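Each chain, letter by letter, is given below.
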Amino acid sequence: MEHLLKGVAIGFLMAVPVGPINLLCLRRSLAEGRRVGFVSGLGAAAADTTYGAIAAVGLTAVTSFLVNHRPSLELFGGLFLILLGLHTMRTRTQPRSEAAAVHVRRLWDAFVSTFVYTLANPMLIIVFTGVFASLGLGWQPGRTLDALELVGGVFLGSSLWWLTLTMLAGTLGRRLDDGALRWINLIAGGVIVAFGVWQLVRLI
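Residues numbered from 1 in each chain as written. Predicted model: local features only at pLDDT ≥ 70, side-chain atom pairs only at ≥ 80, totals over all residues. Heavy atoms only, no water.

Visitor: What is the right way to read the nonpolar core from this model?
Guide: Nonpolar side chains in soluble globular proteins tend to end up buried together. Counting 14 residues, the largest nonpolar core has Ile 21, Cys 25, Tyr 117, Trp 161, Trp 162 and Leu 165 as the members making the most contacts within it. When contributions to this core are tallied by element, the ones reaching two or more residues are α2 (20–32), α3 (34–57), α5 (70–90) and α9 (144–173). Dropping the residues within four chain positions of it, Trp 162 is found in contact with Ala 15, Ile 21, Asn 22, Cys 25, Phe 38, Gly 41, Leu 42, Ala 44 and Ala 45. With 11 residues, the next largest nonpolar core counts Ile 10, Ile 54, Ala 55 and Ala 56 among its residues. (Core = buried A, V, L, I, M, F, W, Y, C linked by side-chain atoms within 4.5 Å. Buried < 20%, exposed > 50% of the residue type's maximum accessible area, 1.4 Å probe, protein only. Helix = DSSP H or I, 4+ residues; strand = E, 2+ residues; numbered from the N terminus. Contact = heavy atoms within 4.5 Å.)

Encoded structure:
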């Protein structure tokens, strides 16, 4: 249970910093409802958990591969962000009646988009490895259950943040009219594009 609680704390704190994924989930919660926003957050939580599992189990070969291919992954992530931001800016605000009826395909797209971008950030594996090492956490012979609890806690903690964010944003979104939601699409999309451009410029 101790490892589970530590994992929850780590997962929550890793998800909190403001970035393009937070902004994207916030925009989706405001414009498309809490379900779409939360499922988007679950995509990021799943990617965080993937990297957390690699760090916890100590898969050095996978870690080395990700670090060695960091420029390629960051290039892909930057381009993906730019396309995602442009798509967000061009997205038309749906009438409230249509936005309330969320299809499974939309939820799947929301999950995959945030999962792919978060997974394209190899710095996460370095951060998780450093955090686990500093706290003396991770896999040890005969302590497989502790490692599993730690990884499960990371997912729960990250999911808790996304649930909190999307519930608050979804409640606020009910008070916004279609014109305000359109401006949110434009501003959020523009900022996401800026994140992508900054990532590409940093690589150059």
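Visitor: How do you make sense of the layout of surface pockets when you look at a structure like this?
Guide: Where empty space is left in the structure can be found by rolling a water-sized probe over the atoms. Taken as a whole, the largest pocket spans an internal volume of roughly 560 Å³. Lining the largest pocket we find 23 residues, and of these Gly 19, Pro 20, Tyr 117, Asn 121 and Leu 124 sit closest to its centre. Listing elements by their share of the lining of the largest pocket, those giving two or more residues are α1 (2–15), α2, α3, α5, α7 (104–119), α8 (123–134) and α10 (178–203). Considering every element that reaches the lining of the largest pocket, the biggest residue donor is α10, with 4 residues. (1 Å grid on protein atoms, 1.4 Å probe; cavity = no way out; pocket = protein on both sides within 12 Å on 5 of 7 lines; lining within 4 Å. Points joined across faces, edges and corners; volume = space filled by probe spheres on them.)

Visitor: Teacher, can you tell me more about the packing of α3 against α7 here?
Guide: How two helices pack is summed up by the angle between their axes together with the distance between the axes. Remark: α3 packs on α7, axes separated minimally by 7 Å, with the N-to-C direction vectors making an angle of 35°. Of the two possible hands of crossing, α3 and α7 adopt the one that is right-handed. Counting all contacts with α3, which are made through Arg 35, Val 36, Val 39, Ser 40, Leu 42, Gly 43, Ala 44, Ala 46, Ala 47, Asp 48, Thr 50 and Tyr 51, the residues of α7 involved are Arg 106, Leu 107, Ala 110, Phe 111, Thr 114, Phe 115, Thr 118 and Leu 119. (Axes fitted to C-alpha atoms, helices over the stretch in contact; angles between N-to-C directions. Left-handed = near helix turned anticlockwise from the far one by under 90°.)

Visitor: Would you take a moment to explain the packing of α2 against α7 for this structure?
Guide: Running from amino to carboxyl end, α2 crosses α7 at an angle of 165°, the nearest separation of the two axes being 10 Å. By the criterion of interaxial angle, the relationship of α2 to α7 is roughly antiparallel. Between α2 and α7 the crossing geometry is right-handed. Across the interface between the two elements, Pro 20, Ile 21, Leu 24, Cys 25, Arg 28 and Glu 32 from α2 touch Arg 106, Ala 110, Ser 113, Thr 114, Tyr 117 and Thr 118 from α7. Considered class by class, the residues forming the contact of α2 with α7 number 6 nonpolar, 3 polar and 3 charged. (Parallel < 35°, antiparallel > 145°, perpendicular 65-115°, else oblique. Nonpolar A, V, L, I, M, F, W, Y, C, P; charged D, E, K, R; others polar.)

Visitor: How should I be thinking about the packing of aromatic side chains in this particular structure?
Guide: Centre-to-centre distance and the angle between the planes together describe a pair of aromatic rings. All chains considered together, the criterion is met by 3 aromatic pairs. Relative to Trp 161, the ring of Phe 12 lies with its centre 5.8 Å away and its plane at 90°, an arrangement referred to as edge-to-face. On the criterion of sequence distance, the pair formed by Phe 12 in helix α1 and Trp 161 in helix α9 is long-range, its members being 149 residues apart. Taken together, a centroid distance of 6.1 Å and an interplanar angle of 10° make the contact between Phe 111 and Phe 115 stacked. (Phe/Tyr/Trp six-rings, centres within 6.5 Å; stacked < 30°, edge-to-face > 60°.)

Visitor: Can you walk me through α3 in this structure?
Guide: Every α-helix winds through 3.6 residues per turn, so residues three or four apart in the chain are directed the same way. Compared with the 34 Å implied by 1.5 Å per residue over 24 residues, the 34 Å span of α3 between its first and last C-alpha is a close match. The buried fraction of α3 amounts to 17 of the 24 residues, a majority that puts the element mostly inside the structure. (Expected span 1.5 Å × (residues − 1).)

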